[in-house]
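Each chain is listed here by its residues.
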Amino acid sequence: MELIQKTPDLSAYLAADEAIDHDHPVVREVAARLAKEAFDSYDYARLAFEFVRDTIPHSQDSGDLRVTWRASDVLEQGTGICYAKAHALAALLRAEDIPAALCYQKFDVVHGLVAVRFNGAWHRQDPRGNKPGVDAQFSLDGERLAFTPEPGSDERDYPDLYAEPHPAVLSTLKAAPDRPYLWKTLPGGL
């Protein structure tokens, strides 16, 4: 699948916004800590991916009822669904000047991912969090995502790379007082 950069200017994929608030002190602190451990930008991107995947539980898996949507809140509260975790990873990448885009898949509901740009190409990553049957890994050599659309079904990969969260995703997250409400209102498509 060819990924489509929705905003031609690559600098948009480095910008901070209300959800990807990489200028927030919490995001800057985590980014600085991870950067000290990294050998180079590729190693930093892998460490940031593993940090979000492994230390921020997916709220459905952990039973956490809180809904986070801003990257700094995800990192501070230590919880989030796929979209929120994607916002956190995008913020950590952008904090170290690594272009990051938001992208999506459709299953029963829309699933959130991140694409990172290295060597002139975009590479999708899924920081959702592993569990039995889910083994997402950071990779620039072929995708190692949590889920793959089933051929012949209405599941699909959306090729679009967004500099900001899709409006349907962001408005749903912001409107949800808790995860049970969120689960009833998740977008079924984009």
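Cut-offs used in this document
Residues numbered from 1 in each chain as written. Predicted model: local features only at pLDDT ≥ 70, side-chain atom pairs only at ≥ 80, totals over all residues. Heavy atoms only, no water. Phe/Tyr/Trp six-rings, centres within 6.5 Å; stacked < 30°, edge-to-face > 60°. Helix = DSSP H or I, 4+ residues; strand = E, 2+ residues; numbered from the N terminus. Buried < 20%, exposed > 50% of the residue type's maximum accessible area, 1.4 Å probe, protein only. Contact = heavy atoms within 4.5 Å. Axes fitted to C-alpha atoms, helices over the stretch in contact; angles between N-to-C directions. Left-handed = near helix turned anticlockwise from the far one by under 90°. Nonpolar A, V, L, I, M, F, W, Y, C, P; charged D, E, K, R; others polar. Core = buried A, V, L, I, M, F, W, Y, C linked by side-chain atoms within 4.5 Å. Lys, Arg positive; Asp, Glu negative; His and termini not counted. Salt bridge = Lys/Arg side-chain N within 4 Å of Asp/Glu carboxyl O. Polar contact = N/O pair within 3.5 Å; in protein donor to acceptor, adjacent residues only side chain to side chain. Pairing = 2+ DSSP bridges.

(A) How the structure looks around the packing of aromatic side chains. Enumeration over the complete set of coordinates arrives at seven aromatic pairs. Between the aromatic rings of Tyr 42 and Phe 118, the centroid separation amounts to 6.1 Å while the plane-to-plane angle is 65 degrees, which identifies the pairing as edge-to-face. With Tyr 42 in helix 2 (residues 41–55) and Phe 118 in strand 3 (residues 110–118), this residue pair connects regions lying 76 residues apart in the sequence. By relative accessible area, which is 35% here, Tyr 42 ends up partly exposed. Overall, the relative accessible area of 10% leaves Phe 118 in the buried class.

(B) Representation of the environment of Tyr 13 in the model. Topologically, Tyr 13 is positioned in the loop between strand 1 (4–5) and helix 1 (25–37). A C-alpha to C-alpha distance of 20 Å links Tyr 13 and Leu 190, two positions 177 residues apart in sequence. Sequence-distant contacts of Tyr 13, that is, excluding residues within four places in its chain, are made with Gln 5, Lys 6, Thr 7, Arg 94, Ile 98, Pro 99, Ala 100, Ala 101, Trp 122, Leu 161, Tyr 162 and Ala 163.

(C) Spotlight on the packing of helix 1 against helix 5 (residues 82–95). The geometry of helix 1 relative to helix 5 is characterised by a closest axis approach of 9 Å and an angle of 65 degrees between their N-to-C directions. Considering how the two elements wind past one another, helix 1 and helix 5 form a crossing that is right-handed. Residues Val 27, Arg 28, Val 30, Ala 31 and Leu 34 of helix 1 pack against Ala 91, Leu 92 and Ala 95 of helix 5. Looking at the contact of helix 1 with helix 5 residue by residue, the classes come out as seven nonpolar, no polar and one charged.

(D) A look at the nonpolar core. In this structure, Leu 75, Tyr 83, Leu 92 and Leu 93 are the most contacted members of the largest nonpolar core, which totals 54 residues. Beyond its immediate sequence surroundings of up to four residues, Leu 92 is in contact with Val 27, Val 30, Ala 31, Leu 34, Tyr 44, Ala 48, Phe 51, Val 52 and Leu 75. Among the nonpolar cores identified, the runner-up in size contains 10 residues, and Tyr 13, Ala 101, Ala 115 and Leu 161 belong to it.

(E) Examining the side chain of Arg 94 more closely. Within the secondary structure layout, Arg 94 lies in helix 5. The side chain of Arg 94 sits in the buried core without any salt bridge; Asp 17 is the nearest counter-charge, 4.6 Å away. In this structure the side chain of Arg 94 is engaged in a polar contact, spanning 2.7 Å, whose partner is the backbone oxygen of Ala 15. Among all residues touching Arg 94, those that are not within four sequence positions of it are Ala 12, Tyr 13, Leu 14, Ala 15, Ile 20, His 22, Ala 100, Ala 101, Tyr 162 and Ala 163.

(F) Region of interest: the pairing of strand 2 (residues 100–106). Counting buried residues in strand 2 gives seven out of seven residues, a clear majority hidden from the surface. Across the two faces of strand 2 the burial is the same, with Ala 100, Leu 102, Tyr 104 and Lys 106 and Ala 101, Cys 103 and Gln 105 all buried. Relative to strand 3, strand 2 runs antiparallel, the two sharing seven bridges. Note that in strand 3 the partner of Tyr 104 across the bridge is Gly 112. Between strand 2 and the antiparallel strand that follows it, strand 3, lie three residues. Note that strand 2 and strand 5 (residues 156–157) share two bridges and pair antiparallel. Across the sheet, residue Gln 105 finds its bridge partner in strand 5, namely Asp 157.

The analysis is restricted to geometry; functional conclusions fall outside its scope.
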